[in-house]
Amino acid sequence: EYIPVFELINTTGCSVSLAPDTIELFDDPIAGFSISDSSICIGDSITLINLTEDTGYAAIVSYEVDMGDGSSYSFISLDSLGHTYDDPGSYTIEMVIENAGACTDTFTTTIEVHPYPTSVPDLTPLSACGEITIDIPVSSYDADSVVIDFGDGFVTYVSGDTSYTYSDPGIY
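Quick caveat, the model's predicted, so the values are computed rather than measured.

Cut-off values and rules
- Residues numbered from 1 in each chain as written.
- Predicted model: local features only at pLDDT ≥ 70, side-chain atom pairs only at ≥ 80, totals over all residues.
- Heavy atoms only, no water.
- Helix = DSSP H or I, 4+ residues; strand = E, 2+ residues; numbered from the N terminus.
- Rg over C-alpha atoms; globule rule 2.2 N^0.38 Å.
- Buried < 20%, exposed > 50% of the residue type's maximum accessible area, 1.4 Å probe, protein only.
- Contact = heavy atoms within 4.5 Å.
- Areas by Shrake-Rupley, 256 points an atom, 1.4 Å probe, with all protein chains shown as cover.
- Polar contact = N/O pair within 3.5 Å; in protein donor to acceptor, adjacent residues only side chain to side chain.
- Pairing = 2+ DSSP bridges.
- Axes fitted to C-alpha atoms, helices over the stretch in contact; angles between N-to-C directions.
- Patch = residues over 30% accessible without salt bridge, like charges linked within 9 Å, V, L, I, M, F, W, Y side chains within 5 Å.
- Salt bridge = Lys/Arg side-chain N within 4 Å of Asp/Glu carboxyl O.

A. Representation of the overall build of the protein chain. Looking only at helices and strands, the protein chain features zero helices and 14 strands. If you list the helices and strands of the protein chain from N to C, you get β-β-β-β-β-β-β-β-β-β-β-β-β-β. The C-alpha atoms of the protein chain give a radius of gyration of 32 Å, which is well past the 16 Å a tight globule of 172 residues would have. Along the first, second and third principal axes, the C-alpha atoms of the protein chain reach 120 × 25 × 20 Å. Per-residue burial for the protein chain yields a buried fraction of 23% across its 172 residues. Across the protein chain, the fraction of contacts at a sequence separation of at least 24, relative to all contacts at a separation of at least 6, is 48%. When the accessible surface of the protein chain is split by element, carbon and sulfur atoms take 51% of a total near 11,100 Å².

This is the structure in structure tokens:
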């Protein structure tokens with residue numbers, strides 16, 4: 001807090017001292033946060049952790065957080081915030097803070113929300129006598145890789161078309 005003092009003097013030597021107003025200089029706050037994950041699937045939650053720096057002279061009085069998907073939140077204090085995204089896309093998360101001196105700062109980051117694979121496996125043939133070899137057209141699936149549990153105790157990871165032979169009778 002500063003109080004300037006003015007001494008006004010005219011040519012006749014008369015003077016007066018004035019302290020018209022107080023000058024108050026506030027520190028700029030520093031907005032910041034981290035997120036638990038910047039690449040998630042639809043329906044997954046993230047946690048935003050507040051890293052805002054209160055620079056000392058004027059306390060933070062307001063936090064406005066826009067999640068980029070039409071959801072926004074207002075707080076007077078904030079430690080962490082959880083949020084779930086329902087649609088795929090790229091979202092910009094923005095935090096605007098304000099301190100008691102009406103000084104503001106903004107911090108943004110981007111999150112990518114990905115859809116789940118939607119393909120339905122089309123296995124052929126589905127029945128046979130003796131043994132059966134099924135063809136698995138992985139390249140036609142909406143996925144980059146596939147983990148297959150064949151139901152008989154064998155599990156494998158594949159990234160291309162494959163086949164598998166069942167030799168023990170049963171329903172798998």
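Structure shown, so let's carry the discussion forward.
B. Geometry of the side chain of Asn50. Relative to the helices and strands, Asn50 resides in strand β5 (residues 45-50). Judged by its relative accessible area of 15%, Asn50 is buried. Polar contacts involving the side chain of Asn50 include one to the side chain of Thr52, which spans 2.7 Å. If near-sequence neighbours (up to four positions away) are discounted, Asn50 is found in contact with Gly32, Phe33, Tyr63, Leu78, Asp79 and Met95.

C. Main features of the sheet that holds strand β3 (residues 33-35). If you walk across this open sheet you meet the three strands as β3-β5-β8, and the pairing is antiparallel. Strands with a single pairing partner mark the edges of an open sheet, and in this sheet they are β3 and β8 (80-84). On average, adjacent strands in this sheet sit at an angle of 20° to one another, irrespective of strand direction. Bridge count between β3 and β5: three bridges; the pairing is antiparallel. Among the inter-strand pairings, Phe33 is bridged to a residue of β5, identified as Asn50.

D. Fine view of the sheet that holds strand β9 (residues 89-99). Strand order in this open sheet of five strands is β4-β10-β9-β6-β7, and the pairing throughout is mixed. Two strands in the sheet have a free side with no partner beyond their single neighbour: β4 (39-41) and β7 (72-75). Recorded for the sheet is a direction-independent mean angle of 20° between the axes of neighbouring strands. Examined bridge by bridge, strand β6 (residues 60-66) and β9 share six bridges and lie antiparallel to one another. Residue pairing in the sheet places Ile60 in a bridge with Asn99 of β9.

E. Here's a closer look at the environment of Asp152. Mapped onto the fold, Asp152 is located in the loop between β12 (146-149) and β13 (155-158). Taking the relative accessible area as the measure of exposure, Asp152 reaches 35% and is therefore partly exposed. Taking the C-alpha atoms as reference points, Asp152 and Ile171, 19 residues apart in sequence, are found 9.5 Å from one another. Apart from residues lying up to four places away in sequence, Asp152 is in contact with Tyr164, Tyr166 and Tyr172.

F. View of a nonpolar patch on the surface. Side chains of Phe6, Leu8, Val16 and Leu18 sit close together on the surface and give an oily, nonpolar patch of about 340 Å² of accessible area. Of all the secondary structure elements, the ones that give two or more residues to the nonpolar patch are β1 (6-9) and β2 (15-18). Inspection of the secondary structure assignment puts Leu8 in strand β1. By relative accessible area, Leu8 is classed as partly exposed at 45%.

G. Seen up close, the pairing of β13. In this structure, β12 lies alongside β13, joined through four bridges in antiparallel fashion. By the bridge assignment, Ile148 is partnered in β13 with Thr156. Where β12 hands over to β13, the hairpin turn is made up of five residues, of which Gly151 adopts a positive phi near 85°.

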